[in-house]
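# Report on the structure
Chain by chain, the residues:
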Amino acid sequence: MIPLKNKLKGIPKPNIINLKECTDRAEWTRKEFARLGIDDINMHSYERYNEDSIKFVGDKHACDTTTKGVTSSHMLTIKWWVENTDEEYGIFFEDDLNYDTVEHWNFTLLEYIEKCNQWDWGALHLCNVFEYPYDVNNEYIPMVPRKRQMWDHGLQAYIMKREYAMNIVDYY
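Structural notes, computed from the coordinates.

The rules we used
- Residues numbered from 1 in each chain as written.
- Predicted model: local features only at pLDDT ≥ 70, side-chain atom pairs only at ≥ 80, totals over all residues.
- Heavy atoms only, no water.
- Phe/Tyr/Trp six-rings, centres within 6.5 Å; stacked < 30°, edge-to-face > 60°.
- Helix = DSSP H or I, 4+ residues; strand = E, 2+ residues; numbered from the N terminus.
- Buried < 20%, exposed > 50% of the residue type's maximum accessible area, 1.4 Å probe, protein only.
- Lys NZ or Arg CZ within 6 Å of the ring centre and 35° of its normal.
- Arc of directions from axis to C-beta.
- Pairing = 2+ DSSP bridges.
- Axes fitted to C-alpha atoms, helices over the stretch in contact; angles between N-to-C directions.
- Contact = heavy atoms within 4.5 Å.

What follows concerns the packing of aromatic side chains. Evaluated as defined, the whole model comprises eight aromatic pairs. An angle of 80 degrees between the planes, with centres 5.9 Å apart, marks the rings of W81 and F92 as edge-to-face. Here F92 lies in strand 3 (residues 89–94) and W81 lies in helix 3 (residues 68–84), a separation of 11 residues in the sequence. Each member of the pair, W81 as well as F92, is classed as buried. A cation over an aromatic ring shows up here: K161 above the ring of W121, its NZ or CZ 4.6 Å from the ring centre. In this structure, R162 packs its charged tip against the face of W81, placed 4.4 Å from the ring centre.

Below, the structure written as structure tokens:
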């Protein structure tokens, strides 16, 4: 059995997306990562989005159909990571994620990433939200590495390689 504090050992510094007014969620996230053996995280705290605070450029349709507050905070965090680190890949989390399932892993996060390296990936979606219509042939969609489907969404937790992140930043 792998000790809980070893399951995230050796990962790049986690990037946490937080609303500036939600100091309780920032503090809770710091405590959760400490419980998991990570004492140093990048907390990216943002003001609540308003139309005057950020100008979206790029694909107009994509910008018009997205949740601008969530999208802008993630984009700014990814951009910060690209410009301020030299890590091969970045790890990004929202501040309201439940980490209890980590206790049940029979692997480390680094082992998981290494296993995924058998495929050519740019981003690994670590947490998922399913919304109808989803795979109607499977009542319970398997939570295994697979290519993203149209019903997969959610930015709660993901890993992104530098080249993929740079493409996103350059595009938007």
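For the rest of this paragraph, the subject is the environment of M1. For M1, the location among the structural elements is in the segment before strand 1 (15–19). For the pair formed by M1 and F107, sequence separation is 106 residues and the distance between their alpha carbons is 8.9 Å.

A separate point is helix 5 (residues 162–171). Among the residues of helix 5, R162, A165 and I168 are the ones counted as buried. Buried positions in helix 5, seen along its axis, are confined to an arc of 125 degrees and lie on one side of it. Seen from the buried face of helix 5, the exposed residues on the opposite side, beyond 90 degrees, are E163 and D170.

This part covers the sheet that holds strand 4 (residues 123–125). The mixed open sheet is built from five strands, whose spatial order is 2-1-3-7-4. Both outer strands of the open sheet, strand 2 (42–46) and strand 4, are each paired with one neighbouring strand and no more. Direction aside, neighbouring strands of the sheet carry axes that sit 20 degrees apart on average. As paired strands, strand 3 and strand 7 (residues 157–161) are joined by five bridges and run antiparallel to one another. From the neighbouring strand, Y89 faces strand 7, where its bridge partner is K161. Here helix 4 (residues 109–116) sits on the sheet in contact with strand 3, strand 4 and strand 7, set at roughly 120 degrees to strand 3.

Another aspect to go through is the pairing of strand 3. For strand 3, the tally of buried residues reaches six of six residues, placing the bulk of the element in the interior. Side chains Y89, I91 and F93 project from strand 3 onto one buried face, and the interleaved G90, F92 and E94 project onto a second face that is buried too. Bridge analysis of strand 1 against strand 3 gives three bridges, and the strand direction is parallel. Paired with I16 across the strands is F93, a residue of strand 3.

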